[in-house]
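Report on the structure
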Amino acid sequence: DTRIETVLSVGEGATLHWLPQECILFSGARLSRSLTIDLAPSASLVACESVFFGRAAMGESLLRGSVRDRWRIRRQGKLVFADDLRLEGAIASHLARQAVGAGARAVATLIAAGPPALERLGELRETIAGDAFPDVEAGAGNVSDLLVIRLLSSDAQALRRALVTLVGQVTGRALPRTWSI
């Protein structure tokens, strides 16, 4: 089993952009990942995590395995966001189900905290509703004064392109070179 535990703390008046590249899982993978973030009252955050279930270009898919992904975000010690994903066993079959993944091969969550983030909610919803990302299902909303965007797609590269665009809109700046498409 692979276990990744990330604990971040964002101090008063500070801004953190947590933008790791996607986690690519292979058949038989067993991943337990957790992200815990504590925000000071005036802290800002942009956090993104994405998972690719195999590499389609290489003919790979995640037939069997275990994926557990957990988010906890606190502001001043108070829990403001909690999310858990758990897929066990026949992951490709689970993801094929309409109510679970509708055939998704890639998923991502993007969360932003701080005044500018929520001000962009309308603009982000317009981008998502338009035809800029025809191969990506996405939604954006407000949870506990956090901007939350979810994406899923049967095409991992299409999800990545959408994510690059949306992270750029949320941050108001270009992404690091490592995120170049």
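See the structure shown above.
Throughout what follows, the structure given in this document is the object of discussion. (Residues numbered from 1 in each chain as written. Predicted model: local features only at pLDDT ≥ 70, side-chain atom pairs only at ≥ 80, totals over all residues. Heavy atoms only, no water.)

When its volume is computed, the largest pocket comes out at roughly 340 Å³. If you go around the largest pocket, you meet 21 residues; those closest to its centre are Leu85, Val107, Ala108, Thr109 and Arg150. Partitioned by chemical class, the residues of the lining of the largest pocket number 11 nonpolar, three polar and seven charged. Counted as a void, the second largest pocket has a volume near 160 Å³. Contributing to the lining of the second largest pocket are Glu22, Ile24, Phe52, Phe53, Gly54, Arg55, Ala56, Ala57, Arg105, Asp155, Ala156 and Gln157. Among the secondary structure elements, those contributing two or more residues to the lining of the second largest pocket are strand 5 (44–53) and helix 4 (156–171). Looking at the lining of the second largest pocket, its residues break down into six nonpolar, two polar and four charged. (1 Å grid on protein atoms, 1.4 Å probe; cavity = no way out; pocket = protein on both sides within 12 Å on 5 of 7 lines; lining within 4 Å. Points joined across faces, edges and corners; volume = space filled by probe spheres on them. Nonpolar A, V, L, I, M, F, W, Y, C, P; charged D, E, K, R; others polar. Helix = DSSP H or I, 4+ residues; strand = E, 2+ residues; numbered from the N terminus.)

This paragraph deals with the packing of aromatic side chains. Per the counting criterion, the structure on display carries one aromatic pair. Centre to centre, the rings of tryptophan 71 and phenylalanine 81 are 6.3 Å apart; their planes meet at 85 degrees, and the pair counts as edge-to-face. A residue pair is termed long-range when its members are at least 10 positions apart, and tryptophan 71 in strand 6 (residues 65–75) and phenylalanine 81 in strand 7 (residues 78–89) qualify at 10 residues. Take tryptophan 71 and phenylalanine 81: they sit in the same class, and that class is buried. (Phe/Tyr/Trp six-rings, centres within 6.5 Å; stacked < 30°, edge-to-face > 60°. Buried < 20%, exposed > 50% of the residue type's maximum accessible area, 1.4 Å probe, protein only.)

Between its first and last C-alpha atoms helix 4 spans 22 Å; for 16 residues at 1.5 Å apiece the expected length is 22 Å, and the two agree. With 13 of its 16 residues buried, helix 4 lies for the most part within the structure. Here helix 4 starts with a cap whose side-chain oxygen sits 3.0 Å from the backbone nitrogen of glutamine 157, and that cap is aspartate 155. Note on helix 4: the residue one or two positions beyond its end, glycine 172, has a positive phi of about 75 degrees. (Expected span 1.5 Å × (residues − 1). Polar contact = N/O pair within 3.5 Å; in protein donor to acceptor, adjacent residues only side chain to side chain.)

This part is about the nonpolar core. In globular proteins that are soluble, nonpolar side chains generally tend to be buried together. Residues Leu110, Leu147, Ile149, Leu151, Leu163, Leu166 and Val170 are the most contacted members of the largest nonpolar core, which totals 29 residues. Those elements that place two or more of their residues in this core are strand 5, strand 8 (106–113), helix 3 (121–129), strand 9 (136–143), strand 10 (146–153) and helix 4. The dominant element in this core, judged by the number of residues it contributes, is helix 4, at nine residues. In this structure leucine 151 touches Ala106, Val107, Ala108, Val136, Glu137, Ala138, Leu159, Ala162, Leu163 and Leu166, once residues within four positions along its chain are discounted. (Core = buried A, V, L, I, M, F, W, Y, C linked by side-chain atoms within 4.5 Å. Contact = heavy atoms within 4.5 Å.)

We now examine the environment of arginine 33. Note that arginine 33 resides in strand 4 (residues 30–39). Separated by 30 residues in the primary sequence, arginine 33 and arginine 3 place their C-alpha atoms 5.7 Å from one another. In this structure, arginine 33 is in contact with Ile4, Cys23, Glu49, Ser50, Val51, Arg68, Asp69 and Arg70, ignoring residues within four places of it in sequence. Here the side chain of arginine 33 touches glutamate 49 through a polar contact of 2.9 Å, side chain to side chain. Engagement of the side chain of arginine 33 in a polar contact is seen with the side chain of aspartate 69, the distance being 2.8 Å.

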